[in-house]
Amino acid sequence: MQTIRVDTPSAKYDVIAGSGLVETLAPRIERVAGRLPRRVFVLTSAPIWALWGRCLEQSFSNAPVVLFLEPGEKYKSLASVEKLLRQMAQAGGDRGSLLIAFGGGIVGDVGGFLAAIYMRGIPYVQVPTTFLAQVDSSVGGKTGVNLPEGKNLVGSFHHPLAVFADIGVLGTLPDRELRAGLMESVKAGIIRDRTLVRFMEEHVDDVLGRDAKALEKVIAASIRMKAGVVNQDEREKGLRMILNLGHTVGHAIEQATHYRALLHGEAVGWGMVAALYLGRKRSTISSQQFARLESLIHMYGPLPPLKLRVAKVVEATGADKKNVGGVKRFVLPVGIGDAGVVEDVTAAELEAAVGYMLARAAEKTASKRR
């Protein structure tokens, strides 16, 4: 069991990573909340509830009200939010209620946003059930939903009372979901933790084989990195932007494919390939570092094939929420274990980076066919 502290100007809470957290959830919430509210809501998805709902529910003396969100990025929408808000109101939710976001990153983002706006804000806890959600989206207080025009364009900062990352639930996670989530840990190492990069290079089989000690090491290191960044820059005014390595192009891929072709982590993986290419061209990383880091991404693949035009992906980057005043901000690696944000990436540079990424995707597809 490891505890990582998030300590920002507006919120202080613990992220607890270990096994056996779901079946002891109610008393753990009671310790951080002071008491269990009269009305507790659980936002989840049907597949997660079928696997783990009984385990969670048994820790409560009074059964919580369960709300379901359909799986898939297309349901991370304002229409879903309105439907869920009405269900909460109809079930007697008030300002003293508490919400548990019990699922992957989409459930966590939507659940946090529900808690942020229902009755102008109620407390909530994150219980992430995917690797990606445990190492990234459940930590830091970002909540929100998508618009057709772009990803995460509607949302707010609303920190949880606590995050309970139960490594035990990862045993039922499909291999593709695990590999996609590991892209966020690769990112964590590239931008802030060269020791994590080395560990992930040397323990690929252990991590992909779900060795408990290896997973705990990667999860705790990833959370610790993100918490350290969030503690310094809660509202993404500067340093926190480095957490978006790979996300500018990654989000563009998701939008261009209507959120149907790739998992979020897979899109970020391809986005990091584009960012590494640009970093090599700008000499923020050497050719040797570029080859090493791109190889690490593919070690934890395979990344799915892409069939997109360069122009379509580049156009979609215009909706990125990091852009301010028409200036496109782009995160680049600086060596291994550091990163920076640039605002002067030209259209030609971006087209070249996306072109390289799509060419690598085509190579992977051709190799698989052979």
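Starting from 1, residues in each chain are numbered consecutively following that chain's sequence as written. In keeping with the predicted nature of the model, local features appear solely for residues at pLDDT of at least 70, side-chain atom pairs appear and are counted solely at 80 or more, and the whole-chain, interface and lining totals rest on all residues. Working from all heavy atoms in the structure, the side-chain values ignore hydrogens and water.

Details of the pairing of strand 2 (residues 12-18)
Put simply, side chains in a regular strand alternate between the two faces of the sheet. Worth spelling out the cut-off: Burial classification: accessible surface area is computed with a 1.4 Å probe over protein chains only, and a residue below 20% of its type maximum counts as buried, one above 50% as exposed, and the rest as partly exposed. Secondary structure elements follow DSSP: runs of H or I no shorter than four residues count as helices, runs of E no shorter than two count as strands, and numbering proceeds from the N terminus. When DSSP locates at least two bridges between a pair of strands, those strands are taken to pair.
For strand 2, the tally of buried residues reaches 5 of 7 residues, placing the bulk of the element in the interior. In this structure, strand 1 (residues 2-7) lies alongside strand 2, joined through 6 bridges in antiparallel fashion. Of the residues in strand 2, the one forming a bridge with V6 is Y13. Connecting strand 1 to the next strand, strand 2, in antiparallel fashion are 4 residues.

Things to note about the environment of G189
Worth spelling out the cut-off: In this description, contact between two residues means that some pair of their heavy atoms is separated by no more than 4.5 Å.
Topologically, G189 is positioned in helix 6 (residues 175-192). Measuring from C-alpha to C-alpha, the distance between G189 and G121 comes to 34 Å, with 68 residues separating the pair along the chain. In this view, G189 contacts R194, L196, V197 and G337; residues no more than four positions away in its chain are not counted.

Observations regarding the packing of aromatic side chains
Heads up, the rule is: In summary, the pairing rule links any two rings of Phe, Tyr or Trp, Trp by its six-membered ring, whose centres are within 6.5 Å, and it sorts them by plane angle into stacked for under 30 degrees, edge-to-face for over 60 and tilted for everything else. For a ring to carry a charge above it, either NZ of a lysine or CZ of an arginine must fall within 6 Å of the ring centroid while also lying within 35 degrees of the normal to the ring plane.
Throughout the structure, instances matching the rule amount to 3 aromatic pairs. Ring centres 6.4 Å apart and planes at 85 degrees place the aromatic pair W49 and F102 in the edge-to-face group. One end of the pair, W49, is in helix 2 (residues 46-57); the other, F102, is in strand 5 (residues 98-103), and 53 residues separate them in sequence. By way of ring pairs, the aromatic residues Y277, F290 and Y356 are connected into one cluster. In this structure, K217 packs its charged tip against the face of F199, placed 5.5 Å from the ring centre.

What to know about the packing of helix 10 (residues 247-256) against helix 11 (residues 264-281)
As a reminder of what qualifies: For helices, the axis comes from a line fit to the C-alpha atoms of the stretch in contact; other axes are also lines fit to C-alpha atoms, and the angle between any two N-to-C directions lies between 0 and 180 degrees. Orientation categories follow fixed angle ranges, with anything under 35 degrees roughly parallel, anything over 145 roughly antiparallel, 65 to 115 roughly perpendicular, and all other angles oblique. By convention the crossing between two helices is left-handed if the near helix lies anticlockwise of the far one by an angle smaller than a right angle, and right-handed if it lies clockwise. Residues were grouped as follows: Ala, Val, Leu, Ile, Met, Phe, Trp, Tyr, Cys and Pro as nonpolar; Asp, Glu, Lys and Arg as charged; and all remaining residues, including Gly, as polar.
Two elements in contact, helix 10 and helix 11, have axes whose closest approach is 7 Å; the angle formed by their N-to-C orientations is 130 degrees. Compared by their axis directions, helix 10 and helix 11 come out oblique. Helix-helix and strand crossings are classified by hand; for helix 10 and helix 11 the assignment is right-handed. Within the contact between the two elements, helix 10 uses H247, V249, G250, H251, I253 and E254 and helix 11 uses H264, A267, V268, W270, G271 and A274. The residue makeup of the contact of helix 10 with helix 11, split by class, is 6 nonpolar, 5 polar and 1 charged.

Section: the nonpolar core
Quick note on the threshold: Definition of nonpolar core: a set of buried residues of the types Ala, Val, Leu, Ile, Met, Phe, Trp, Tyr and Cys, connected through side-chain atoms within 4.5 Å.
Counting 82 residues, the largest nonpolar core has F131, I253, Y300 and M357 as its most contacted members. In terms of nonpolar packing, the next biggest core, distinct from the first, is built from 21 residues, L25, I29, I100 and A162 among them.

A look at the pattern of salt bridges
The condition is simple: Salt bridge, as used here: a side-chain nitrogen of Lys or Arg that lies within 4 Å of a carboxyl oxygen of Asp or Glu.
Summed over all chains, the structure comprises 19 salt bridges. We note a salt bridge from R360 to E363, for which the minimum N-O separation is 2.6 Å. Remark: E363 and R360 occur in helix 14 (residues 347-369); sequence separation between them is 3 residues, near one turn of the helix. Residue classification places R360 among the buried residues on the basis of a relative accessible area of 17%. What you see here is one network of salt bridges that share partners, running through E73, K76, D109, K151 and E254.

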